[in-house]
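# Observations on chain architecture
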Amino acid sequence: MQRAVFHAFRNERVPVFTSLNAWKCANCRAALVPNGARGYSVVPPSTDSEEKAMLDRMLRVDHAGEYGANRIYAGQMAVLGRTQSGPLIQTMWDQEKYHLQKFDEILAENRIRPTFLLPLWNIAGFVLGASSALLGKEGAMACTVAVEESISEHYNSQIRALMEADPDRYTELLQLIKEFRDDEMEHHDTGLEHDAESMPGYGLMKSLIQLGCRAAIYASERV
């Protein structure tokens, strides 16, 4: 059974659907914890050092990926924020902000350090976003398609790994990753719908960006 209450989101009153076990905002989809209640961590306590190391690597790179995505959208908004494409980019950025906030919380709860490369991803992400946006809406959307496809594929590999390990043990983490994967695929499809493939040199641009994404994933897992 669900009932609707309201909370503030971007200065609006939006519905929050509540049940016996879950509160979630219909727009931002952020979990809303009643006063005095503690949010439940999606990561189960590690049983040994090997599992701890595996989960640390997985969550560290997820955090880094969402951090980089935020900086890319920040760069795009710096260039295209006042154009007709601004609201579309802002909508995708808002979802990425929620993703990053959630991984910030997870890393803090589980005492996992972020990658030491965050200062690099801060600069590189913004430069990539701004430079792609300087090529116009098509350039920004081409960048979005390339990055979101890479992130979605990485999330899929994590889903497979957790399913093979113990799907019952990682139920909450799997649910979170699947939700975020679906958001990234929605952004990917939005980019295609808004003329990403009409960008001159689209194929080459996509390949180069995805090569950089794979390198960033590899480095963030280890550093």
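Residues numbered from 1 in each chain as written. Predicted model: local features only at pLDDT ≥ 70, side-chain atom pairs only at ≥ 80, totals over all residues. Heavy atoms only, no water.

## A few points about the overall build of the protein chain
The number of helices and strands found in the protein chain is 6 helices and 3 strands. Its helices and strands in sequence order give the protein chain the pattern β-β-β-α-α-α-α-α-α, from N to C terminus. The proportion of buried residues among the 223 residues of the protein chain is 45%. For the protein chain, contacts bridging at least 24 residues in sequence account for 70% of all contacts bridging at least 6. (Helix = DSSP H or I, 4+ residues; strand = E, 2+ residues; numbered from the N terminus. Buried < 20%, exposed > 50% of the residue type's maximum accessible area, 1.4 Å probe, protein only. Contact = heavy atoms within 4.5 Å.)

## As for the packing of helix 1 (residues 49-80) against helix 2 (residues 86-109)
Two elements in contact, helix 1 and helix 2, have axes separated by 9 Å at closest approach and are oriented at 155°. Between helix 1 and helix 2, the angle is such that the two are roughly antiparallel. In the crossing of helix 1 with helix 2, the sense of the turn from one axis to the other is left-handed. When grouped by side-chain class, the residues that make up the contact of helix 1 with helix 2 number 14 nonpolar, 6 polar and 5 charged. (Axes fitted to C-alpha atoms, helices over the stretch in contact; angles between N-to-C directions. Parallel < 35°, antiparallel > 145°, perpendicular 65-115°, else oblique. Left-handed = near helix turned anticlockwise from the far one by under 90°. Nonpolar A, V, L, I, M, F, W, Y, C, P; charged D, E, K, R; others polar.)

## A few points about the pattern of salt bridges
For the structure shown, the criterion picks out 7 salt bridges. A salt bridge links K137 to D195, with the nearest nitrogen and oxygen atoms 2.9 Å apart. Remark: D195 occurs in the loop between helix 5 (171-193) and helix 6 (202-222) and K137 occurs in helix 4 (residues 137-165); sequence separation between them is 58 residues. With a relative accessible area of 25%, K137 lands in the partly exposed category. The exposure class of D195 is partly exposed, given its relative accessible area of 36%. In this structure, K206 engages E149 in a salt bridge whose closest nitrogen and oxygen atoms are separated by 3.2 Å. With a gap of 57 residues between them, K206 in helix 6 and E149 in helix 4 connect regions that are remote in the sequence. (Salt bridge = Lys/Arg side-chain N within 4 Å of Asp/Glu carboxyl O.)

## Examining the state of the cysteines
Across all of its chains, the model carries 0 disulfides by this definition. The thiol of C143 is unpaired, and the distance to the nearest cysteine sulfur, on C213, comes to 7.8 Å. You can call C143 buried: its relative accessible area is 0%. (Disulfide = S-S within 2.5 Å.)

## Observations concerning the side chain of R60
As for its position among the elements, R60 is in helix 1. With residues near it in sequence (within four places) discarded, R60 still touches I112, R113, P114, T115, S220, E221 and V223.

## A closer look at helix 1
Taking 1.5 Å of rise per residue, 32 residues should cover 46 Å, and helix 1 covers 46 Å from first to last C-alpha, within 8% of that figure. Among the residues of helix 1, the N-terminal cap falls to D48, whose side-chain oxygen and the backbone nitrogen of E50 are separated by 3.1 Å. (Expected span 1.5 Å × (residues − 1). Polar contact = N/O pair within 3.5 Å; in protein donor to acceptor, adjacent residues only side chain to side chain.)

## Things to note about the packing of aromatic side chains
Applying the stated rule across the entire model yields 2 aromatic pairs. An angle of 75° between the planes, with centres 5.7 Å apart, marks the rings of F103 and F180 as edge-to-face. Of the two residues, F103 sits in helix 2 while F180 sits in helix 5, which places them 77 residues apart along the sequence. Pair check on accessibility: F103 and F180 agree, each one buried. Members of the aromatic cluster, connected to one another through ring pairs, are Y98, F103 and F180. Across the ring face of W93, the terminal group of K97 is positioned such that the distance to the ring centre comes to 4.1 Å. Taking NZ or CZ as reference, R222 lies 3.8 Å from the ring centre of Y218, over its face. (Phe/Tyr/Trp six-rings, centres within 6.5 Å; stacked < 30°, edge-to-face > 60°. Lys NZ or Arg CZ within 6 Å of the ring centre and 35° of its normal.)

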